[in-house]
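Summary of the model geometry
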Amino acid sequence: MDPSIYVPIGAGLAVGLAAIGTGLAQGRIGSAGAGVIAEKPDMIGVMILLLAIPETMVILGFAVAAIILFL
Amino acid sequence: MKLEMSRLQVIGLKSQLMPVVRQLHLLGCMQIEDVSEMESISARPLSLAKETIQLREETTYLVTKVEGLVSTLTGVLSSSEQQEMDGRLERSSEEECMDAARAGVELLAPRVQALMSKREKLEAEQISLPRYEITLRKLLPIVPESAHDPDNVFVGVLVSRAHIWVLDGVSEALLKMTAGRAEMVGEDIDESTRAMFVVVPKEFSDELEALLGREDITRLRLPEEIADQPPDSAVLALSQRLAEIPSELAEIRKGLGSLADEWLPRLKWWRICLRDGLDEIDVLTQFGETEQTFVVAGWVPRVDIPKVQAALSAAAGEGVVAELVSLTSQEQKSAPVMLNNPAISRPFQSLVKMFSLPRYEGIDPTMLMAFFLPLFFGMILGDVGYGSLLLLLGLLGLRRFSQPGTVRDVIKVLIMGSAWSIVFGFVYGELFGTLGEELGMHPLWFDRASADEVTSLLILSIAVGVIHITLGLVLGVWEAIREKSRHNLLERGGMLVGLIGLFMIVSVAVDWLPDGFMNPAAVIMMIGIVLLSVPLGWLGVLLGPIEFIGLIGNILSYLRIAAVGLASVYMAKLANEVMGMMGSVVVGIIIAVLIHALNLVLGAFSPTIHSLRLHYVEFFRKFYEGGGQPFEPFQSRQSTMLGGAG
């Protein structure tokens, strides 16, 4: 089998698995955040910040995928 | 940019106290501080005169009454009537306000109360009468003829079916008591209740009552008006009553509506005046006094000081002195913050405040955000078609939401973002994705959708990240030097030096710099990491390198500019290709328009969130420490409204 077919699979896994991780983390942070904002609306800035932190994982996943595909 | 604040101290004769308070309230540009908490002022806290305390109590009472009336009368209006009523205010002079409110409340409260209690009673009847009606209708077929005889009395009783045996005992006792002249009939009302109808000669009515009382049996109690009527005429009366209730309720609703129409504009104005009056009394607790004078101090924007001084001397003449207080640097740091940026960057103030208000002496990042946020938005969306549509929608939105507020701010941010999006649309050669290319449009720089050029997009994103993060770190170092914070200086400076080393290593790797620079570059990076680790103590050995890797992660985070943008391009491409794949042109166009519409919504939302995140998480954390106290001037509601009206 042509080994190059593993390239797109690898790229897909890099983004996909990272996205699942990010999703799980954001789901938990988001539900807690919704509670916090309901009690203290002025905390919205901090909550966006906390919610945004796990996004780095999927961006790093994207970076890995881009390296696999294009470099 | 923030308004410069000064502390103003006003000293005056006690006879001028209320005119001064009034004037400060109307000016609305002084945040009054508690004099008793200031070491530089040695005056005792102002104690309120007996009349002032009485006035306060009466005003509080009136405010409560007026608020109650406003909420009752507003409650009877439909939402469209409420909206229409919102803009109406019947202003009267402020001196008359208290007397007018007192007289108005005395006149109006009993009328509203009478109508409301009548309405409550009718509504209660509307719920309870049908229940009586059901029970009575069940009893009707079994009512004996003797119940209509004026020499007899009758009574209905209700018994739970679980205790039905009680009825046997009661029947037996009744027959015995009346020597067989009592008549009793029973009927099941529902699954759990049995009703019994008892008719006895009038002379036994007392004994009947006593017996029922002794056995603890629930009587069927009808409303007073129909209690003595036999069931058939009672049912008739009930139906009649039920038919009358809606028209009576409508009458009351009309009465309350006309009261609302007449009184609400006045009541709302009184509420504003009275609350202002209360504020003017409450603020006195923050004043100080000596035998003859009073003193008040607070923060005033420096630009407003001449205005305040002039207004006070016009109101109280020579009986009052308003002077600036010299402050220690610590006191100056505690000044409240009021952002005042040029009109174009003002909408971004809300976004900065959403994160945290800057400290008085810290950097206000609004202007930087006003430049970078729309730029990032444009880089992500980068499409002439979507950009133009969003611009159009934004301009329409501005017409729709004419009142200043968060919505208008967000729309303005979106408009600036879409303008940049059009610019980057030309840069990438995109019009609704690949449609531009098919119409002969060429990218000014590179086509980000083509596989060969994706690398250029990735490099562009990283380059933007490097510039943004470096700018953040430079600002952070400057802030640390200004604050004389060794910890921050080492940490941010170390990051900056380490980053320079890293750039040099990368430059050598891509042959921008000769190979000989590799070793010095590595040394510079190491120096940066060591500097960064020093303020962290012994843990720095571990945490320093981790922080530096985090910094690289921050820069890589800007890849989202490429990633989110590419997702949008491919979705647009999909829409265009689906159009060609469908057998029918009409179906193809409909599906394509739907996908483009979805992409447009995502294209407005997603780039905003991601640009915002790049600011909050990556950029702000390099230099920005919020936590400023907002400037909350002592401001009368009347002057705010007049300002709003003007």
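Residues numbered from 1 in each chain as written. Chains lettered and ligands numbered in written order. Predicted model: local features only at pLDDT ≥ 70, side-chain atom pairs only at ≥ 80, totals over all residues.

1. Some details on the overall build of chain B
Each helix and strand in chain B was counted, giving 21 helices and ten strands. Relative to the compact-globule value of 26 Å for 646 residues, chain B shows a C-alpha radius of gyration of 40 Å, a clear excess of over 25%. Seen along its three principal axes, the alpha-carbon backbone of chain B occupies a region of about 130 × 90 × 55 Å. Within chain B, buried positions represent 33% of all 646 residues. (Helix = DSSP H or I, 4+ residues; strand = E, 2+ residues; numbered from the N terminus. Rg over C-alpha atoms; globule rule 2.2 N^0.38 Å. Buried ≥ 20, exposed ≤ 12 C-beta atoms within 10 Å, placed from the backbone.)

2. Things to note about the overall build of chain A
Of the regular secondary structure elements, chain A holds three helices and zero strands. Along the chain direction, N to C, the helices and strands of chain A fall in the order α-α-α. Here the C-alpha atoms of chain A give a radius of gyration of 17 Å, more than 25% beyond the 11 Å that 2.2 N^0.38 yields for 71 residues. In terms of overall dimensions, chain A has a C-alpha envelope of 60 × 20 × 10 Å along the principal axes. Counting across all 71 residues of chain A, residues that qualify as buried make up 18%.

3. Description of the domain arrangement of chain B
Put simply, an interface is often sized by how much accessible area is lost when its parts join up. Here chain B is described as being made up of domain 1 (144-229) and domain 2 (348-622). The C-alpha-based centres of domain 1 of chain B and domain 2 of chain B are spaced at 86 Å. (Domains from an automatic or database assignment.)

4. Points about the packing of helix α15 (residues 454-483) of chain B against helix α16 (residues 486-509) of chain B
All names here are of chain B. Put simply, α15 and α16 touch, their axes get as near as 8 Å, and they point 150° apart. One way to sum up the angle between α15 and α16 is to call them roughly antiparallel. With respect to the hand of their crossing, α15 and α16 are arranged in left-handed fashion. On α16, the residues touching Thr470, Leu473, Val474, Gly476, Val477, Ala480 and Ile481 of α15 are Asn488, Leu489, Arg492, Gly493, Met495, Leu496 and Leu499. Across the contact of α15 with α16, the residue classes tally to nine nonpolar, four polar and one charged. (Axes fitted to C-alpha atoms, helices over the stretch in contact; angles between N-to-C directions. Parallel < 35°, antiparallel > 145°, perpendicular 65-115°, else oblique. Left-handed = near helix turned anticlockwise from the far one by under 90°. Contact = placed C-beta atoms within 7 Å. Nonpolar A, V, L, I, M, F, W, Y, C, P; charged D, E, K, R; others polar.)

5. Observations concerning the interface of chain A and chain B
On the side of chain B, 16 residues touch chain A, which itself brings 14 residues to the contact. Listing elements by their share of the side of chain A that touches chain B, those giving two or more residues are α2 (44-52) and α3 (55-70) of chain A. Sort the elements by how many residues they give to the side of chain A that touches chain B and α3 of chain A lands first, with eight residues. Here the residues of the side of chain A that touches chain B are counted per class, giving eleven nonpolar, two polar and one charged.

6. Regarding the packing of helix α1 (residues 6-39) of chain A against α3 of chain A
A pair of packed helices can be characterised by two numbers: the angle between their axes and the separation between those axes. Residue and element names in this part refer to chain A. The N-to-C vectors of α1 and α3 enclose an angle of 175°; their axes lie 7 Å apart at closest approach. Relative to α3, α1 is oriented roughly antiparallel. Across from Val7, Gly10, Ala11, Ala14, Val15, Leu17, Ala18, Ala19, Gly21 and Thr22 in α1, the residues of α3 making contact are Glu55, Met57, Val58, Leu60, Gly61, Phe62, Val64, Ala65, Ile68 and Leu69. Looking at the contact of α1 with α3 residue by residue, the classes come out as 15 nonpolar, four polar and one charged.

7. Notes on the confidence of the model for chain B
When pLDDT is averaged along chain B, the result is 87, and 99% of the positions lie at 70 or above. When the elements of chain B are averaged for pLDDT, helix α21 (residues 637-645) of chain B gives the smallest value, 63, and helix α11 (residues 366-381) of chain B the largest, 95. (pLDDT = per-residue confidence, 0-100.)

8. Observations concerning unusual backbone geometry
All names here are of chain B. Positive phi, normally seen in glycine, also occurs at Phe432, with a value near 45°. Tracing the backbone shows Phe432 in the loop between α13 (406-428) and α14 (435-438). Under the C-beta neighbour-count criterion, Phe432 is labelled buried, with 23 such atoms within 10 Å. One non-glycine residue with positive phi stands out, namely Asp511, at about 65°. Note that Asp511 resides in the loop between α16 and α17 (518-533).

9. Points about the pairing of strand β6 (residues 193-201) of chain B
All names here are of chain B. Relative to β6, strand β4 (residues 152-160) runs antiparallel, the two sharing nine bridges. By the bridge assignment, Ser160 is partnered in β6 with Thr193. Looking at chain direction, strand β5 (residues 183-188) and β6 are connected through six bridges and run antiparallel. Note on β6: the bridge partner recorded for Val185 is Phe197. Counting the residues between successive antiparallel strands, the hairpin from β5 to β6 contains four residues. (Pairing = 2+ DSSP bridges.)

10. Side note on the environment of Leu13 of chain B
By the element assignment, Leu13 of chain B lies in strand β1 (residues 5-13). Beyond its immediate chain neighbours, meaning those up to four positions away, Leu13 of chain B contacts Gln292, Thr293 and Gly319 of chain B.

11. Quick notes on the environment of Phe517 of chain B
Residue and element names in this part refer to chain B. Residue position: Phe517 is located in the loop between α16 and α17. On a C-alpha basis, the gap between Phe517 and Ile505 in space is 7.7 Å, while along the polypeptide they are twelve residues apart. For Phe517, the contacting residues outside a window of four places in its chain are Met504 and Val508.

12. Here we look at the confidence of the model for chain A
Summing up the model confidence of chain A, the mean pLDDT is 87 and the portion of residues at 70 or higher is 99%. Ranking the elements of chain A by mean pLDDT puts α2 of chain A last, at 79, and α1 of chain A first, at 93.

13. A look at the nonpolar core
Among the nonpolar cores identified, the biggest contains 66 residues, and Phe62 of chain A together with Phe348, Met369, Leu373, Phe376, Ile380 and Ile561 of chain B are the most heavily contacted of them. In terms of residue count, the dominant contributor to this core is α11 of chain B (ten residues). Every residue in contact with Phe62 of chain A, bar those within four places of it in the chain, is listed here: Val15 of chain A together with Leu559 and Ala563 of chain B. Counting 33 residues, the second-largest nonpolar core is a separate cluster that includes Val20, Leu24, Ile32 and Ala335 of chain B. (Core = buried A, V, L, I, M, F, W, Y, C linked by C-beta atoms within 7 Å.)

14. Digging into the sheet that holds β6 of chain B
Strand order in the open sheet formed by four strands is β5-β6-β4-β7 (chain B), with antiparallel pairing between adjacent strands. What marks the edges here is a single partner per strand, and that holds for β5 and β7 (218-219) of chain B.

15. Concerning the environment of Gln54 of chain B
The topology assignment puts Gln54 of chain B in helix α2 (residues 50-75). Sequence spacing of Gln54 of chain B and Phe634 of chain B is 580 residues, and the spatial spacing of their C-alpha atoms is 23 Å.

16. Structural notes on helix α10 (residues 347-355) of chain B
Among all positions of α10 of chain B, only Pro347, Phe348, Leu351, Val352 and Phe355 of chain B are buried. In an axial view of α10 of chain B, the angular spread of the buried residues amounts to 140°, which keeps them on one side of the axis. Turning to α10 of chain B, the residues buried within the fold contact α2 of chain A together with α11, α13 and α20 (585-619) of chain B. (Arc of directions from axis to C-beta.)

17. Overview of helix α12 (residues 384-400) of chain B
All names here are of chain B. The first and last C-alpha atoms of α12 sit 24 Å apart over 17 residues, in line with the 24 Å expected at 1.5 Å per residue. Taken together, the buried positions of α12 are Val384, Tyr386, Gly387, Leu390 and Gly394. Summarising the axial view, the buried residues of α12 lie within an arc of 160°, below the 170-degree limit, and thus occupy one face. Pointing more than 90 degrees away from the buried face of α12 are the exposed residues Leu392, Leu396, Arg399 and Arg400. The elements touched by buried residues of α12 are α11, α13, α14 and α20. (Expected span 1.5 Å × (residues − 1).)

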